[in-house]
Amino acid sequence: MASVLRIRDLVIDPPLVLAPMAGITHSAFRRLVLELGGVGLLTSEMLSARGLPQDRPATTPALVRTPAERPLAFQVFFAAAADIGPAFEVLHRLGADAIDLNLGCPAPQVRRHGAGSRLAGDLDHARGLVRHARVCTHLPLSAKIRLGERLEEQPLADLCHMLEDEGVEMITVHARLRKEPYGRPPRWDWIGRVKSWVGVPVIGNGGIFSVEDARRCLAISGCDGLMLGRGAVVRPWLFAELAREIHGRKIPVPATDRPALYRRFVDLLEESFLPERRLGRLKEFTHYFASTYTYGHWLARAVQASRTVEEARERAAAFFASAGADEPSPGPSDHRPERHP
């Protein structure tokens, strides 16, 4: 486990990274996590390299950001070399601190275009794309992968060696096979195998909902840092807990007043997005955040049925009043798959 990660001019301190999650890791959520403390590197939602040059940074939700959101890596998926240069030019203008290459997303709509985890199965093609990506940016370049189609060392090792050889400077491993659901326990020992094969920092991802989960993942894998996805949405203060308890950072005890955090998230949504962009993002967040309550499904259903943000806010307030001092639970109440590349 590293205390601090340094990649070119990028300092990741502590080595705790926010995962890219569609509909979740937008500006409002990133700001909430920053306010609670402990995150070393923020990540955008997954972006299409082909679509980036046509997007409008001021209004495209996945590109909206504030100056405080740093360091920030933008994650991109791609299938053609011709799309990489123009996309990276956009990210340079946006002030990206790093670029993350998506070679792990299992979503059918991404794989149909030859991107995401589909690239991991075509090593020669992937090599050409990664090599081109390295040429197109001076920024730190990382990659996010899964374990592959089957538990086989050689294909995974070949992929990891290729990434390192072509200039990728950090590899994040989501410790599940492509078709494995999020309810399946992650294979943290396989992150350790990747760590033994490469010389660049390796970040472990998958199944981290508590300080104890983080300790076990680090002990089993020996990875250099951790990436939090669902665990950080369920408990947005988890970064701060890990920074204090595992990395010894002297930051304030994280706030766990859940009604106050929820209200703050709504405020941040209203500050960040046009009215028509807010309610859907509030519903996405609520699904995960509600699972810290014993009867959180009532909160999730109430917000899901809301027709406006104000109605959702009122229904959430009524739920919080009825829930009282219900203690936060450490993880989600179900295993609905997240849209997490």
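Rules of the game
- Residues numbered from 1 in each chain as written.
- Predicted model: local features only at pLDDT ≥ 70, side-chain atom pairs only at ≥ 80, totals over all residues.
- Heavy atoms only, no water.
- Core = buried A, V, L, I, M, F, W, Y, C linked by side-chain atoms within 4.5 Å.
- Buried < 20%, exposed > 50% of the residue type's maximum accessible area, 1.4 Å probe, protein only.
- Contact = heavy atoms within 4.5 Å.
- Helix = DSSP H or I, 4+ residues; strand = E, 2+ residues; numbered from the N terminus.
- Phe/Tyr/Trp six-rings, centres within 6.5 Å; stacked < 30°, edge-to-face > 60°.
- Lys NZ or Arg CZ within 6 Å of the ring centre and 35° of its normal.
- Pairing = 2+ DSSP bridges.
- Axes fitted to C-alpha atoms, helices over the stretch in contact; angles between N-to-C directions.
- Parallel < 35°, antiparallel > 145°, perpendicular 65-115°, else oblique.
- Left-handed = near helix turned anticlockwise from the far one by under 90°.
- Nonpolar A, V, L, I, M, F, W, Y, C, P; charged D, E, K, R; others polar.

Help me understand the nonpolar core in this model?
In a soluble, globular protein the nonpolar side chains are often hidden away together inside. Phe29, Leu91, Leu101, Leu103 and Leu163 are the most contacted members of the largest nonpolar core, which totals 100 residues. Here Leu163 is in contact with Leu103, Val130, Ala143, Ile145, Val168 and Ile171, once residues within four sequence places are set aside. Of all hydrophobic cores here, the second largest spans 13 residues; its members include Ile7, Ala73, Met170 and Met227.

Please explain helix α10 (residues 238–245) as it appears in this structure.
An α-helix turns once per 3.6 residues; consequently, residues spaced three or four apart project the same way. α10 sits mainly inside the fold: six of its eight residues count as buried. In this structure, the buried side of α10 is in contact with β3 (16–18), α1 (27–36), α8 (211–221), β10 (225–228) and α9 (230–234).

Whenever I open this one, the packing of aromatic side chains confuses me. Can you help?
The description of an aromatic ring pair rests on the distance of the ring centres and on the angle between the ring planes. Enumeration according to the criterion identifies ten aromatic pairs in this entry. Judged by centre distance (5.2 Å) and plane angle (85°), the rings of Tyr293 and Phe319 are edge-to-face. Within this pair, whereas Tyr293 is found in the loop between α12 (279–289) and α13 (296–304), its partner Phe319 is found in helix α14 (residues 309–323), the two being separated by 26 residues in sequence. No difference in accessibility class separates Tyr293 from Phe319, as the two residues are buried. Across the ring face of Trp190, the terminal group of Arg193 is positioned such that the distance to the ring centre comes to 4.0 Å.

Could you clarify how one ought to interpret the pairing of strand β5 (residues 72–77) in this entry?
Within a regular strand, the side chains alternate between the two sheet faces. Within β5, six of the six residues are buried, leaving the element largely enclosed by the surrounding structure. The two faces of β5 match: Leu72, Phe74 and Val76 on one face and Ala73, Gln75 and Phe77 on the other face are all buried. Of the strand pairs in this sheet, strand β4 (residues 42–48) and β5 are connected by five bridges, and their pairing is parallel. Each bridged residue has a counterpart across the sheet, and for Ser48 the counterpart in β5 is Phe77.

Help me out: how do you make sense of the packing of helix α7 (residues 188–197) against α8 in this one?
Think of two packed helices as two axes; the pair is described by the angle between the axes and how far apart they sit. At a closest axis distance of 7 Å, the pairing of α7 and α8 adopts a crossing angle of 45°. The angle between the axes of α7 and α8 places the two elements in the oblique class. Both α7 and α8 take part in a crossing whose hand is right-handed. Listed contacts from α8 to Trp188, Asp189, Ile191, Gly192 and Lys195 of α7 are Asp213, Arg216, Cys217, Ile220 and Ser221. Looking at the contact of α7 with α8, its residues break down into four nonpolar, two polar and four charged.

I would appreciate a short explanation of the sheet that holds strand β6 (residues 98–102) in the present structure.
What holds strands together in a sheet is hydrogen bonding between their backbones, with the strands either parallel or antiparallel. Pairing is parallel across the open sheet formed by eight strands, whose spatial order is β3-β10-β9-β8-β7-β6-β5-β4. With partners counted over all chains shown, the strands left at the sheet margins are β3 and β4, one partner each. Neighbouring strand axes in the sheet, compared pairwise and without regard to direction, differ in orientation by 25° on average. In this sheet, β10 lies alongside β3 in parallel orientation, the contact comprising three bridges. Opposite Leu18, over in β10, you have Leu228 as the bridge partner. On top of the sheet, α1 reaches β3, β4 and β5; it is set at about 165° to β4, its chief contact. Set on the sheet, α7 makes contact with β8 (170–174) and β9 (202–205); between it and β9 the angle comes to about 170°.

For this particular structure, what's the right way to read unusual backbone geometry?
In most cases, non-glycine residues show a negative phi, while peptide bonds are predominantly trans. Pro14 follows Asp13 through a cis peptide bond whose omega is 0°. Along the chain, Pro14 falls in the loop between β2 (10–12) and β3. The omega torsion of the bond from Arg70 to Pro71 falls at -10°, within 30 degrees of zero and hence cis. Secondary-structure assignment places Pro71 in the loop between β4 and β5. With phi around 55°, Arg8 is a residue other than glycine that occupies positive phi space. A residue is classified by how much of its surface remains accessible, and Arg8, at 48% relative accessible area, is partly exposed.

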